[in-house]
Amino acid sequence: NCEPFSYQTGWKKHVAKAYKEALKIPVIATNTIKDPDFAEELLNEGICDFVGLGRSQLADPYFMEKARAGRSDEIRKCIGCLYCRERVLRDGMPIRCAINPIAAREIDFSELKKDGHGRRVAVIGGGPAGMEAAQILAQRNFNVTLFEKEDKLGGTLNIADKPPLKDKLTCLRDTMINQLKKAGVTVQLQHPAGVQEICSMKPTGVVVACGAKPIIPNMPGIDGNNVYTAEAVVAGRVKPKGRIAVVGTGLTGLETAELLCQQGHKVLLVEMASEIGPGIFPAIRNDELSRLLPYNPDIYTGHRLLEVNKQGVVVEKLSTGEQLSLVADSIVLALGVKPDTEITDALVEALPDVNIRTIGDARRGGRIADAIRDGFEVGYTFK
C-alpha cells in the first residue's frame, strides 16, 4: 500500500519485525521511509535486513547517491501526496511525481545544457515554481537573482504546511532552499521587485512566479469584517470566531475546516458540487474526511453561496432553487485562486525585447506538481 501524507514514518514497522522474527530468510521491508537516517535506524533496531524504497526513489532518483555522500539535506523527500498513484490509478495516465518533474520523462530531459554564460535572469517570487526555475537556471550557468517580498522563501508552501500532518511540505521547502544555495542563486528577501529595478538589471530574461490571489466573489456582504480567506486563517493572520461557515471544500477548504474544528469551532461546509472534496484523489479525500467528519460538521453540498450578512450566509440549493439562511459568526472562503498578472503586464510593456516567462500560480492556479513542473520546464528550455 502507498500511504497518504498523514501516515508517519515507521508506522507499520511492527509488521516487518514480526516477519523477521518468524522467518529464517532475509526480510526486505518498506516503512514509509523518507530519510536515510531513519532507514539506518530500522536496520539498527533489527526491524528488517534490508530497507525498500518505492516513492522515495521516484521523488529523488539520486536518493542513495546523496545519502552515501552525506548530502541528505539535498534529498527531495516524498511528500506523500499520492500524485503518482492518482495519475496511474484514477486518470489512466503515465506515472509522474509532484516534486520530481522529470520522473518517467528522463529521455525528454536527458541533458541540462550549461549555456547560460553568466547572462542575468531575474526570478520574481520564491515559491516552489520560482525556486525550481531559479535553481535549474543557475545549474545552466545563468546569473540568477531571486526576489521574494516576504522574509523567507517558500511561498504557498509556508501556508500549505500549516494544517495538521503537513510537515513533509516544510521539509520540501527546506530542501529546495538548500538546492538554491548549492546552485549559487542570489536571493533577495523582503524585496518586492519593481519594474524599474528589474529594468536596471538589463536582464536576458525574467521569470515571473509571483503567485496568485484568493478568489473573492462579487456579491452582497462579501467585504464584511466577518469574512476571511482560508489562506489567512491557516497562516494565522486572522482568528475567525464562533460558528464558522467554510465555503469551498477542495483540499484547502477541508484542511482549513479540520484546523478550525481542532481549535474548538463548530463548522459548516458549503459546496456547489454534489459531494465534499470534489476532484481530490479518493485516498487523500478519505484520509482527510476520517479526521474531519468525527467533528460532525454541518454539510451543505449542492449549494451555491448567494450572500453574506451579519447573521451568516444565504445559499441556494441548486437542485430546487430554494434559498436557505445559514447561521454563522464567521465565513471562510476557500474558492481557489486567480493569477496575479499586474507585474507581468508591466514588465511586458517596459521590456518588450526581453524574454519574460510566467509560471506557477501566476500563470494558472494549480498544485505543487504544476508549480514545480512549470519551474523546471522554463528553467530547462530558457534561451
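Structure's up top.
Note that this is a predicted model, so its numbers are computed, not measured. Residue positions are given per chain, counting from 1 as you read along its sequence in written order. Local features in this predicted model are restricted to residues of pLDDT 70 or higher, and side-chain atom pairs are both shown and tallied only at a pLDDT of 80 or more, whereas totals for entire chains, interfaces and linings draw on every residue. Remark: hydrogens and water are excluded; side-chain values derive from all non-hydrogen atoms of the structure.

Caption draft 1: Structural detail: unusual backbone geometry. A positive phi angle, close to 50 degrees, is found at Gln190, a residue other than glycine. Put simply, DSSP marks the helices as runs of H or I at least four residues long and the strands as runs of E at least two long, and each gets a number from the N terminus on. Looking at the element boundaries, Gln190 is found in the loop between strand 5 (186–188) and helix 9 (195–201). For Asn296, which is not glycine, the phi dihedral falls at a positive 55 degrees. Considering the arrangement of structural elements, one finds Asn296 in the loop between helix 12 (282–292) and strand 11 (298–301). Working definition: with a 1.4 Å probe on protein chains only, accessible area under 20% of the residue-type maximum means buried, over 50% means exposed, and in between means partly exposed. Given a relative accessible area of 54%, Asn296 falls into the exposed group.

Caption draft 2: Quick look at the pattern of salt bridges. The rule for a salt bridge is simple: a side-chain nitrogen of Lys or Arg has to be within 4 Å of a carboxyl oxygen of Asp or Glu. Within the structure shown, the criterion is met by 25 salt bridges. Of the charged contacts, one joins Glu377 and Arg105 as a salt bridge, the two residues approaching to 2.8 Å between their closest N and O atoms. Within this pair, whereas Glu377 is found in helix 14 (residues 368–381), its partner Arg105 is found in the loop between helix 5 (83–90) and strand 3 (120–124), the two being separated by 272 residues in sequence. Given the relative accessible area of 25%, Glu377 is considered partly exposed. Since its relative accessible area comes to 12%, Arg105 is described here as buried. A salt bridge links Asp174 to Arg173, with the shortest nitrogen-to-oxygen separation between them at 2.9 Å. Here Arg173 falls in the buried class, since its relative accessible area comes to 13%. Counted as one network, the salt bridges with shared partners bring together Glu86, Arg90, Asp91 and Arg367.

Caption draft 3: Spatial organisation of the nonpolar core. We call a set of buried Ala, Val, Leu, Ile, Met, Phe, Trp, Tyr and Cys residues a nonpolar core when their side-chain atoms join them within 4.5 Å. Ile99 and Val207 are the most contacted members of the largest nonpolar core, which totals 36 residues. If you list the elements that add at least two residues to this core, you get strand 3, helix 6 (128–139), strand 4 (143–147), helix 8 (167–183) and helix 14. Of the residues forming this core, the biggest block, six residues, is contributed by helix 6. Contact definition: two residues touch when any of their heavy atoms are within 4.5 Å. Those residues in contact with Val207 that lie beyond four places of it in its chain are Val121, Ala122, Val123, Ile124, Ala133, Leu137, Arg357, Ile359, Val378 and Phe382. Counting 21 residues, the second-largest nonpolar core is a separate cluster that includes Leu82, Leu260, Ile284 and Val332.

Caption draft 4: Examining the packing of aromatic side chains more closely. Stacked, edge-to-face and tilted are the three classes for Phe, Tyr and Trp ring pairs, Trp counted by its six-membered ring, which pair at centre distances within 6.5 Å; planes under 30 degrees apart are stacked, over 60 edge-to-face, the rest tilted. Enumeration according to the criterion identifies five aromatic pairs in this entry. Centre to centre, the rings of Tyr7 and Trp11 are 5.0 Å apart; their planes meet at 70 degrees, and the pair counts as edge-to-face. Assessed through its relative accessible area of 39%, Trp11 is described here as partly exposed. For the ring pair Phe142 and Phe382, a centre distance of 5.7 Å and an interplane angle of 90 degrees mean the geometry is edge-to-face. Taken together, the residues Phe142 in the loop between helix 6 and strand 4 and Phe382 in the segment after helix 14 connect sequence positions 240 residues apart. Each member of the pair Phe142 and Phe382 is classed as buried. Here the aromatic cluster, defined as three or more aromatic residues joined through ring pairs, consists of Phe109, Phe376 and Tyr380. Against the face of Phe5 rests Lys166, its NZ or CZ located 5.0 Å from the ring centre. Lysine NZ or arginine CZ positioned within 6 Å of the ring centre and within 35 degrees of the ring normal marks a charge as sitting over the ring.

Caption draft 5: Structural view of a nonpolar patch on the surface. In this analysis, a patch consists of residues with relative accessible area above 30% that form no salt bridge, clustered at 9 Å for like charges and at 5 Å for the nonpolar side chains Val, Leu, Ile, Met, Phe, Trp and Tyr. All accessibility values rest on the Shrake-Rupley procedure with a 1.4 Å probe; residue burial counts only the protein chains present in the view. A contiguous nonpolar surface patch, about 400 Å² in accessible area, is contributed by Val15, Tyr19, Leu23 and Ile25. Examined against the element boundaries, Leu23 turns out to sit in the loop between helix 1 (13–22) and strand 1 (28–29).

Caption draft 6: Highlighting the side chain of Thr256. Examined against the element boundaries, Thr256 turns out to sit in helix 11 (residues 251–262). On the basis of relative accessibility, which here comes to 0%, the residue Thr256 falls in the buried class.

Caption draft 7: Main features of the layout of surface pockets. The calculated volume of the second largest pocket comes to roughly 800 Å³. Cavity and pocket criteria rest on a 1 Å grid covering protein atoms alone: a 1.4 Å probe that fits but cannot get out defines a cavity, protein on both sides within 12 Å along at least 5 of 7 lines defines an open pocket, and an atom within 4 Å of a point defines a lining residue. Contributing to the lining of the second largest pocket are 26 residues, with Tyr62, Lys66, Gln135, Ile136 and Gln139 lying nearest its centre. Contributing elements (two or more residues each) for the lining of the second largest pocket: helix 4 (63–68), helix 6, helix 8 and helix 14. Counting residues per element, the lining of the second largest pocket draws most heavily on helix 6, at five residues. Residue classes in the lining of the second largest pocket are distributed as 13 nonpolar, four polar and nine charged. Grid points are joined across faces, edges and corners, and a volume is the space filled by probe spheres set on the points. Throughout, the ten residues Ala, Val, Leu, Ile, Met, Phe, Trp, Tyr, Cys and Pro are labelled nonpolar, Asp, Glu, Lys and Arg are labelled charged, and all others, Gly among them, are labelled polar.

Caption draft 8: Highlighting empty space enclosed by the protein. For the structure on display, the rule yields two cavities of 30 Å³ or more. For the largest cavity, the calculated volume is near 90 Å³. If you trace the largest cavity, you find 13 residues lining it, with Cys78, Cys81, Cys84, Cys97 and Ala98 closest to the centre. Residue assignment for the lining of the largest cavity shows that the elements contributing at least two residues are helix 3 (55–59) and helix 5. Of all the elements, helix 3 adds the most residues to the lining of the largest cavity, at three residues. Tallied by class, residues from the lining of the largest cavity come to 11 nonpolar, no polar and two charged. Space inside the second largest cavity adds up to approximately 30 Å³. Gly360, Asp361, Arg364, Gly365, Gly366, Arg367, Asp370, Ala371 and Asp374 are the residues that line the second largest cavity.

Caption draft 9: Focus on the environment of Val238. If you trace the backbone, Val238 turns up in the loop between helix 10 (230–234) and strand 9 (244–247). Val238 has contacts with Tyr228, Ala232 and Val233, leaving out every residue within four places of it along the chain.

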